[in-house]
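As a plain string of letters, each chain reads:
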Amino acid sequence: MSRLYLRCALCSRQQADGLISSAAWGRLELPPGAEVDHPALKGSTLRVCPSCVSRQPDWQEHLLVALGLAPPESDLRARAAP
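Worth saying up front: this structure is predicted, and the values here are computed from it rather than measured.

Student: Can you lay out the side chain of Thr 45 for me, pointing to particular residues and giving the numbers?
Tutor: Here Thr 45 is to be found in strand β5 (residues 45–48). Within the structure, the side chain of Thr 45 is placed 2.6 Å from the side chain of Glu 29, a separation counted as a polar contact. Excluding anything up to four places from it in sequence, Thr 45 contacts Arg 27, Leu 28, Glu 29 and Ala 40.

Student: How would you explain the environment of Pro 71 if you had to name every residue and give the values?
Tutor: Within the secondary structure, Pro 71 is located in the loop between α3 (59–66) and α4 (73–80). Judged by relative accessible area, which is 25%, Pro 71 ranks as partly exposed.

Student: Go over the sheet that holds strand β4 (residues 41–42), please, and point to the residues and values.
Tutor: A sheet is described by the order of its strands in space; here three strands give the open sequence β3-β5-β4, paired in antiparallel fashion. Where the open sheet ends on each side, the last strands, each with one partner, are β3 (26–29) and β4. In terms of strand pairing, β4 meets β5 through two bridges, oriented antiparallel. Its bridge partner being in β5, Leu 41 is matched across the sheet by Leu 46. Strands β3 and β5 of the sheet are contacted by α3, whose axis makes an angle of about 50 degrees with β3.

Parameters at a glance
For every chain, the first residue of its written sequence is number 1, and the numbers climb from 1 along that sequence. Owing to the predicted nature of the model, reporting of local features is limited to residues with pLDDT of at least 70; listing and counting of side-chain atom pairs is limited to 80 or more, with chain, interface and lining totals taken over all residues. Values shown for side chains rest on all heavy atoms present in the structure; no hydrogens or waters enter the calculation. Secondary structure elements are taken from DSSP: a helix is a run of H or I of four residues or more, a strand is a run of E of two residues or more, and numbering for both begins at the N terminus. In the analysis that follows, any N or O atom pair within 3.5 Å is treated as a polar contact, provided that within protein one partner can donate a hydrogen and the other can accept it, and provided that, for residues neighboring in sequence, both atoms belong to side chains. Only heavy atoms enter the contact rule, under which two residues are in contact if any of them lie within 4.5 Å. Exposure categories follow from relative accessible area, calculated using a 1.4 Å probe and restricted to protein chains: below 20% of the type maximum is buried, above 50% is exposed, and the middle band is partly exposed. Strand pairing requires that DSSP identify at least two bridges connecting the strands. Only the contacting stretch of a helix is used when fitting its axis, a line to C-alpha atoms as for every element, and angles between N-to-C directions run 0 to 180 degrees.

The structure is reproduced here in structure tokens:
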């Protein structure tokens, strides 16, 4: 039987999946209707390792931009400005 691994969608780190280890990983559910082909994708969920989560507080936005599911950060900041 093969082992199941968590794979970070940002840095590609792999770690054996388990109840304790997976609880520390960030989770991002894809928006409805989004179609992405990524090795870290399981179902409609992408996982991000604890190191990337702690280094990048806005990792969800960064990941959506990297996958082409959100406009670049500069566009988001311009829209938020009054």
